Amino acid sequence: MPAPDTAADLSILESAVREAGEIARKFYGGTFRRWSKAGGSPVTEADLAIDSFLNERMRTERPAYGWLSEETDDDPARLDAETVFVVDPIDGTVAFMKNKPHFTICAAVVHLGRPVAGVVYNPISGEFFAAREDHGATCNGEPIRVSGRTEIEGCRMLGDKAMLMHPAWNTAPNIPWPEMHIESRSSIAYRMALVANGSFDAMLALSAKRDWDLAAADVILSEAGGLATTHDGSVLRYNGTTALQTSVVGAGPVLHAKLLNRVSHITLSHR
């Protein structure tokens, strides 16, 4: 398969995800069915409605592309596809169920393991983040850039405050984290996008995340001048057998390096 036409693919993503946002808004704040999946994570009929819509719309446009989505039974055929749609119909389902506007709809095109186009849409706030490889990132059509923050102390961090302040994460370099302004958002992709547009300086998640949580926001953050890697600095590779990433650290290059210096020693396999 030839390399994807990222301009055309991004247009497909943008159109489909904007329409999916209308579905989300119809459910948001109303009454809808909800239940727990086998692993205990929540799902709603809105998740499934959006997933079904995106699957039909996007795969009609690109039938040769593989498909990986949180709410679709995994088809191993995706592993043989060079190019794959990676989708999270609602990233931040807990926030959605609680009527909190901190969820997003995420869709990416991944080619040979890396995202080349992606959108992250918060249909309640109206923030629409988009990017394609080598063409920069935007929010609502305006160019965005990561902040110029270079020090951890005083930075605006998106993460789990209880985790960051726990002594277990301070074993090296044997000093506590410096003072930071810490907030959280249910959607991991939203956290990354808010770093991409400079609203926050960094985001950190020291727990396993799925491909669909990260792929779309990864290309947005990268195209905004930032970096997103695992906590040990490894490149995030998508569409693997497990579709699982050990962790994610996102920030501008200088701050990213300093964050890795704080956390790269940590072993996460038992957490």
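Rules used in this analysis
- Residues numbered from 1 in each chain as written.
- Predicted model: local features only at pLDDT ≥ 70, side-chain atom pairs only at ≥ 80, totals over all residues.
- Heavy atoms only, no water.
- Helix = DSSP H or I, 4+ residues; strand = E, 2+ residues; numbered from the N terminus.
- Expected span 1.5 Å × (residues − 1).
- Buried < 20%, exposed > 50% of the residue type's maximum accessible area, 1.4 Å probe, protein only.
- Polar contact = N/O pair within 3.5 Å; in protein donor to acceptor, adjacent residues only side chain to side chain.
- Bend = angle between axes of the 7 residues up to and from the residue.
- Pairing = 2+ DSSP bridges.
- Axes fitted to C-alpha atoms, helices over the stretch in contact; angles between N-to-C directions.
- Contact = heavy atoms within 4.5 Å.
- Core = buried A, V, L, I, M, F, W, Y, C linked by side-chain atoms within 4.5 Å.
- Parallel < 35°, antiparallel > 145°, perpendicular 65-115°, else oblique.
- Nonpolar A, V, L, I, M, F, W, Y, C, P; charged D, E, K, R; others polar.
- 1 Å grid on protein atoms, 1.4 Å probe; cavity = no way out; pocket = protein on both sides within 12 Å on 5 of 7 lines; lining within 4 Å.
- Points joined across faces, edges and corners; volume = space filled by probe spheres on them.
- Left-handed = near helix turned anticlockwise from the far one by under 90°.

So, helix α2 (residues 45–61): which residues are in play, and what are the values?
Relative to the 24 Å expected for 17 residues at 1.5 Å per residue, α2 spans 25 Å between its end C-alpha atoms, a close match to the ideal helical length. Among the residues making up α2, those that are buried are A46, D47, I50, D51, F53, L54, N55 and M58. Regarding α2, its N-cap is T44, as a side-chain oxygen of that residue lies 3.1 Å from the backbone nitrogen of A46 further along.

Tell me about helix α6 (residues 211–223), and please be specific about residues and values.
Counting along an α-helix, one turn takes 3.6 residues, and residues three or four places apart therefore face a common direction. Its 13 residues place the ends of α6 18 Å apart at the C-alpha level, agreeing with the 18 Å of an ideal helix rising 1.5 Å per residue. The largest bend along α6 reaches roughly 30° and is located at A217. Taken across its 13 residues, α6 has twelve buried, putting it largely inside the fold. When we look at burial in α6, the residues that qualify are D211, W212, D213, L214, A215, A216, A217, D218, V219, I220, L221 and E223. Residue G225 follows α6 closely and has a positive phi angle near 95°.

Tell me about the sheet that holds strand β14 (residues 227–229), and name the residues and values.
Within the open sheet, the five strands sit side by side as β11-β10-β12-β16-β14. Their pairing is mixed. Both edges of this open sheet fall to β11 (181–183) and β14, since each of them pairs with a single strand only. Here the strands of the sheet are splayed against their neighbours by 15° on average, with no regard to which way each runs. Examined bridge by bridge, β14 and strand β16 (residues 248–251) share three bridges and lie antiparallel to one another. Looking at β16, one finds that L227 is bridged to A251. Running over the sheet, helix α7 (residues 253–263) touches β10 (156–158), β12 (202–205), β14 and β16 and is turned about 150° from β16.

Tell me about the side chain of S187, and name the residues and values.
Positionally, S187 belongs in the loop between β11 and α5 (188–196). Ignoring any residue separated from it by four or fewer positions in sequence, one finds S187 in contact with D91, G92, H102, F103 and T104.

Summarise the nonpolar core; cite the residues concerned and give the values.
Grouped together as the largest cluster of nonpolar side chains are 40 residues, with contacts concentrated most on V120, F129, I144, M192, I220 and V248. Looking at this core, the elements that each hand over two or more residues are β4 (83–91), β5 (104–111), β7 (127–132), β8 (137–139), α5, β12 and α6. Among the nonpolar cores identified, the runner-up in size contains 32 residues, and I12, I50, F53 and F85 belong to it.

Explain the packing of α5 against α6 to me, using residue names and the numbers behind them.
Relative orientation of the contacting elements α5 and α6 amounts to 5°, with a least axis distance of 8 Å. Compared by their axis directions, α5 and α6 come out roughly parallel. Contacts between α5 and α6 involve I188, A189, M192, V195 and A196 from the former and D213, L214, A217, D218, I220 and L221 from the latter. When the residues that make up the contact of α5 with α6 are grouped by side-chain class, the tally is nine nonpolar, no polar and two charged.

Residue-level account of the layout of surface pockets, with values.
Of the volumes computed, that of the largest pocket is approximately 410 Å³. Lining the largest pocket are 18 residues, with S41, E70, D91, G92 and D213 positioned closest to its centre. Elements with a minimum of two residues in the lining of the largest pocket: β4, α3 (93–97), β13 (209–210) and α6. Among the residues forming the lining of the largest pocket, the class breakdown is seven nonpolar, four polar and seven charged. For the second largest pocket, the calculated volume is near 190 Å³. Contributing to the lining of the second largest pocket are 14 residues, with K37, S69, E70, R210 and W212 lying nearest its centre. Taken together, the residues that form the lining of the second largest pocket break down as three nonpolar, five polar and six charged.

Run through the side chain of N55, naming residues and quoting values.
Among the secondary structure elements, N55 is positioned in helix α2. Apart from residues no more than four positions distant in its own chain, N55 is found in contact with T60, W67 and T72.

Would you mind going over the packing of helix α1 (residues 6–27) against α2 in detail, with residue names and values included?
Where α1 meets α2, the axes come as close as 10 Å, and the angle between the chain directions of the two elements is 160°. When the axes of α1 and α2 are compared, the pair comes out roughly antiparallel. Seen along the crossing, α1 lies across α2 with a hand that is right-handed. Across from I12, L13, S15, A16, V17, E19, A20, I23, A24 and F27 in α1, the residues of α2 making contact are E45, A46, A49, I50, F53, L54, R57, M58 and E61. Classifying every residue of the contact of α1 with α2 gives 14 nonpolar, one polar and four charged.

Note that every value here comes from positions in space, so none of it alone points to a role or purpose.
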